[in-house]
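# Secondary and tertiary structure notes
Next come the chains, spelled out residue by residue.
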Amino acid sequence: MNRFFTLLASTFVFATASAHSVPESQSRTIEMVADNLKLTLMVGDDNRLYQLGFGDADKTVAIPDKTPAREMEFLPAYGNGVITEPAIQATHTDGNTSTDLHYVSHKCDTLSNDVTQTVISLRDPAYNFFVDVYVKCYAGSGMMEIWNTLRHDERGGKVVLYRYASASPLLKSKEYWLTQFNGKYKREATLEEERLGEGIKILDSKLGVRASQYRIPSFMLAFDHAAREREGEVFAASLRWSGSFQLAFDMDWNKSLRVITGINPLGSQYYLERGATFTTPAVLWTYSRNGKGEASRRFHRWANDYAVRDAAKARPVLLNNWEATHCDFDEERLVGLFDGAREIGAELFLLDDGWFGNGEFSRDDDKHGLGDWEISTKKLPRGLSYLAKEASKRKIGFGIWLEPEMVNPNSELYNRHPEWIITQQKREPILGRHQEILDLTRPEVQHFEWQVIDNTLRPNPGVSYVKWDCNRYVTQPGSQYLPAHEQSHLLVDYNNALYRLMDRFAKNYPDVTAMLCAGGGGRVDYGALQYFHSFWPSDNTDPLGRIKIQWGFGHFFPASTIAAHVTRMGKRHLKMAIDVALSGTFGIDLALDKATPEERRQLADGVKLYKNGICDLVMYGELYRLVSPYETPLAAMSYVSKDKKKGVVYLYQTEDGNVPVVKMDGLNPDSRYKVKEVNLPAGTAPRFADATLTGKELMEKGLSNPLTAQFDSAVLQLENID
């Protein structure tokens, strides 16, 4: 009898295991389950690790009677028989460019009632080269998190890592439809879907320190047809990494699709010291049998439980001064804006760029002063604590903008330390937005950037909010600190140092709320978001543009993390701007002292509705996308409370036209709901008549939609009256 079947009785079942290690002689299959997502692996007679299945946990996985073909390896390594796209590529200390990974053992730890973790140890039989595969399963949300560690004990120098993927599972279907989320500036998270053909499709970023100038490190894959909201098999995945990434989709001659995700290997070969460990960023996977809406909700549940900093903490309704003043302000102007914030009910004032720099390097525009974080004595002679106290007198909080990673050439810092910037030797430095990036691999820069944060917050305990920005990416990946043979470490080590800095900030200032920003949505990933409460999705605040931007990011990120502000960009109807902002973490960024009394009343009504009527639904409710702006002139979405007793519905006309009926989702079919249109300007008659309908009626028959003209919008509240 085949040795595999002899040992089948000792199959390892993940969900019931306690912490233990399983040696090679005791088990040949490894099954990991996260609710409805199951990963099944086996050890072949050749001791290599093969994948038998990845997907629907209810499907029976066939156990082969012989070792699978090599293209079924779970983590294929380059140079010894693998002819598909490799996940691991290394050159050993003796110059051998081949790697082979054999199973050694695996162990399971039960980390909590909801979380279990498997570690599978692999080793090259010819070298002391080791890879540990980590698979963490979250039962409640159906999420699976996968990453690897690599190490060696080879004599004679360093092993060179050329490829070190985070994961490379195989999918099996007749057809695959890929949805990516393009990240072009001011059009972030734009959906683009295509049917994959045989061969390899690569989505990547080469930008180094911010990922999404062109796309975010997240994607969806649908089986057999284009992704649908409520039906069909859909996988969704997101890489926890803020730097250069690569997402490779390799369909082989058997129509199997290998999905290789991780750090972009371009220019990132890593020279691994003997005894050192290299850890890849984790990639998150989830699976839905019921379309991409369920996949999104699984991501949101997981994020609120495990990934977002202080997910249950209320996000303040803030007023930002950027659109009102840019860098041109003084204490009197700012205090006047405090009064406006208090009048409309805002809870915090965020002072944006322009508060620092003195003399010839005063931060009066984006060409000067970045790196010189002394408070401007010209603009703010009484300092930040004075402003924080003035804000507190008006019962609002006070926040500050920081960009600690960057420097202008027109600054004292640059004049003192030109060697601190990232650039290539013998090349003319290339500026981006008139600035350069400080080299975080350098210990002095790590100390300096911490001092920027600490010297801003520690003397000014009234500062309760930070907006952390990053306004350019790497174009010359060279370090004047790293030795010549480690220049390719720069982009990896930079981001790991950045995470350590962010972690220190979060731990030392646990009561300071923080927004993640990077030239708009340049760092929208779960690698950075664990240290922040929300992110800035885009510098495009035109509500017409924001509809699709927020729609896209909502596929992976809960609304509690998506900062949405009312501005005058696009010169749209103020009602539409407010209605769009009400579907995210609500804020305002306009000159209140120049707003009309009616506009201030509209803003105050919007703040009141958000704080007293819908905030909990936006923060903690379940998202249902009802009508897509990519398919119709209408965008419609809703949040429904987990107990299904309340809901809020948003309708936005992106073009002229009419979708006559909008069907709800996620309601209790047997409950009766009162439907009421809210956030109407004074004297405006509701377009949607008050009605009482059952959940079944709302979901099957739907609501009649009277909106027809571009820029029309409506917000509806649903409340269970049983």
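Residues numbered from 1 in each chain as written. Predicted model: local features only at pLDDT ≥ 70, side-chain atom pairs only at ≥ 80, totals over all residues. Heavy atoms only, no water.

### Some thoughts on the overall build of the protein chain
Rule in force here: The way it works is that DSSP assigns letters per residue, a run of H or I at least four long becomes a helix, a run of E at least two long becomes a strand, and they are numbered from the N terminus. With the radius of gyration taken over C-alpha atoms, the globule rule is written as 2.2 Å times the number of residues to the power 0.38. In this scheme, a residue with accessible area under 20% of its type's maximum is buried, one over 50% is exposed, and one in between is partly exposed, where area comes from a 1.4 Å probe on protein chains only. Contacts: residue pairs with any heavy atoms within 4.5 Å of one another. To be clear on the numbers: accessible area is Shrake-Rupley with a 1.4 Å probe, and residue cover counts the displayed protein chains and nothing else. Counted charges follow a simple rule, with Lys and Arg positive, Asp and Glu negative, and His plus the chain ends left uncounted. The location of each charge is read from NZ of Lys, CZ of Arg, CG of Asp or CD of Glu.
What the protein chain contains, in helices and strands, is 12 helices and 40 strands. Here the C-alpha atoms of the protein chain give a radius of gyration of 27 Å, agreeing with the 27 Å that 2.2 N^0.38 yields for 722 residues. Across its three principal directions, the C-alpha atoms of the protein chain cover 85 × 70 × 40 Å. Counting the 722 residues in the protein chain, one finds 62% classified as buried. Counted over contacts in the protein chain with a minimum sequence separation of 6, partners at least 24 positions apart contribute 68%. In the structure as shown, the protein chain presents an accessible area of about 26800 Å², 48% of it carried by carbon and sulfur atoms. Positive and negative side-chain charges of the protein chain, numbering 84 and 93 respectively, have mean locations separated by a distance of 2 Å.

### Examining the sheet that holds strand β18 (residues 245-251)
Worth spelling out the cut-off: One requirement defines pairing of two strands: DSSP has to find at least two bridges between them. Here an angle of 0 to 180 degrees is reported between the N-to-C directions of two axes, which are lines fitted to C-alpha atoms, with helices fitted over the stretch in contact.
Strand order in the open sheet formed by four strands is β12-β19-β18-β15, and the pairing between neighbours is antiparallel. Edge positions in the sheet fall to β12 (170-172) and β15 (199-204), since each has one partner strand and no second. For this sheet, the mean angle separating the axes of adjacent strands, direction not counted, is 20°. Examined bridge by bridge, β12 and strand β19 (residues 256-263) share three bridges and lie antiparallel to one another. Considered in β19, the bridge of L170 is made with R258.

### Concerning the pairing of strand β31 (residues 563-566)
Every regular strand shows the same layout, with side chains that alternate between the two sheet faces. Let me state the cut-off plainly: Crossover handedness is defined here as right-handed if the route from the first strand over the helix to the second strand goes clockwise, with the strands pointing away from the viewer.
Of the two faces of β31, the one holding A563 and H565 and the one holding A564 and V566 are both buried throughout. With four bridges joining them, β31 and strand β32 (residues 585-588) adopt parallel strand pairing. Following the sheet pairing, A563 is matched in β32 by T585. Handedness of the β-α-β unit built from β31, helix α10 (residues 574-581) and β32 comes out right-handed.

### Description of the packing of aromatic side chains
As a reminder, the rule being used: Between 30 and 60 degrees the pair is tilted, below 30 it is stacked and above 60 it is edge-to-face, where a pair is any two Phe, Tyr or Trp rings, Trp via its six-membered ring, whose centres lie within 6.5 Å.
Enumeration according to the criterion identifies 37 aromatic pairs in this entry. Considering the side-chain rings of F299 and Y526, the 6.3 Å spacing of their centres and the 15° angle between planes classify their relative orientation as stacked. Taken as a pair, F299 in helix α2 (residues 291-307) and Y526 in the loop between β29 (513-516) and β30 (534-535) lie far apart in primary sequence, 227 residues in all. You'll find F299 and Y526 in the same group, each marked buried.

### Considerations on helix α4 (residues 331-344)
Put simply, the rule reads: Residue count minus one, scaled by 1.5 Å, sets the expected span of a helix. For this analysis, a polar contact is any N or O atom pair within 3.5 Å, provided that within protein one partner can donate a hydrogen and the other can accept it, and provided that sequence-adjacent residues contribute only side-chain to side-chain pairs.
A rise of 1.5 Å per residue sets the reference length of α4, with its 14 residues, at 20 Å; its end C-alpha atoms lie 20 Å apart and thus fit the reference within 8%. Along α4, the residues classified as buried are E331, L334, V335, L337, F338, G340, A341 and I344. The residue sitting at the N-terminus of α4 and contributing the capping side-chain oxygen is D330; that oxygen lies 3.3 Å from the backbone nitrogen of E332. Among the residues trailing α4, G345 stands out with phi positive, at a value near 95°.

### Observations regarding the side chain of E154
Applicable threshold: Should a side-chain nitrogen of Lys or Arg be within 4 Å of a carboxyl oxygen of Asp or Glu, the pair is scored as a salt bridge.
Positionally, E154 belongs in the loop between β10 (143-152) and β11 (159-164). It turns out E154 is buried and unbridged, and the closest side chain with the opposite charge, R123, is 8.9 Å from it. For E154, the side chain forms a polar contact with the side chain of H92, separated by 2.7 Å. Sequence-distant contacts of E154, that is, excluding residues within four places in its chain, are made with H92, T93, Y127, N128, F129, V159 and R274.

### Some details on the sheet that holds β32
Sheet architecture is open: eight strands sit in the order β30-β29-β28-β25-β24-β23-β32-β31, paired in parallel fashion. Pairing within the sheet leaves two strands with one partner each, and these edge strands are β30 and β31. As defined by bridge partners, strand β24 (residues 348-351) adjoins strand β25 (residues 397-402) across four bridges and the pair is classed as parallel. From the neighbouring strand, L348 faces β25, where its bridge partner is G397. Packed onto the sheet, helix α8 (residues 490-508) meets β28 (463-468) and β29 and runs at close to 165° relative to β28. The sheet strands contacting α10 are β31 and β32, and the helix crosses β31 at an angle near 165°.

### Quick word on helix α5 (residues 383-393)
Among the residues of α5, those classed as buried are G383, L384, Y386, L387, A388, E390 and A391. Where α5 terminates, the next one or two residues include K395, which has phi positive at roughly 65°.

### Digging into unusual backbone geometry
One non-glycine residue, K186, adopts positive backbone phi at about 70°. Mapped onto the fold, K186 is located in the loop between β13 (176-182) and β14 (190-195). Assessed through its relative accessible area of 35%, K186 is described here as partly exposed. The residue K571 is not glycine, and still its phi comes out positive at about 55°. Relative to the elements of secondary structure, K571 occurs in the loop between β31 and α10.

### Here's the deal with the confidence of the model for the protein chain
Definition in use: Looking at any residue, its pLDDT shows the predictor's confidence there, from 0 to 100.
For the protein chain, per-residue confidence averages 94 on the pLDDT scale, and residues scoring 70 or more make up 96% of the total. In this model, residues 1-19 is a region of pLDDT below 50 whose contacts with residues beyond four sequence positions or in other chains number 53 contacts.

### Digging into the pattern of salt bridges
Pairing is possible between side chains of opposite charge, provided their charged atoms come close. Summed over the entire model, instances satisfying the criterion amount to 47 salt bridges. Among the salt bridges present, the one from R289 reaches D58, with a minimum N-O distance of 3.0 Å. Linking R289 in the loop between β22 (283-288) and α2 with D58 in the loop between β5 (49-56) and β6 (88-91), this pair joins segments that are 231 residues apart in sequence. The class of D58 is exposed, set by a relative accessible area of 62%. A salt bridge links E294 to R298; the nearest nitrogen and oxygen atoms lie 3.4 Å apart. Of the two residues, E294 and R298 both sit in helix α2, four residues apart, roughly one turn of that helix. For the pair formed by E294 and R298, the shared burial category is buried. Where salt bridges share partners, they join D339, R342, E390, K393 and R394 into one cluster.

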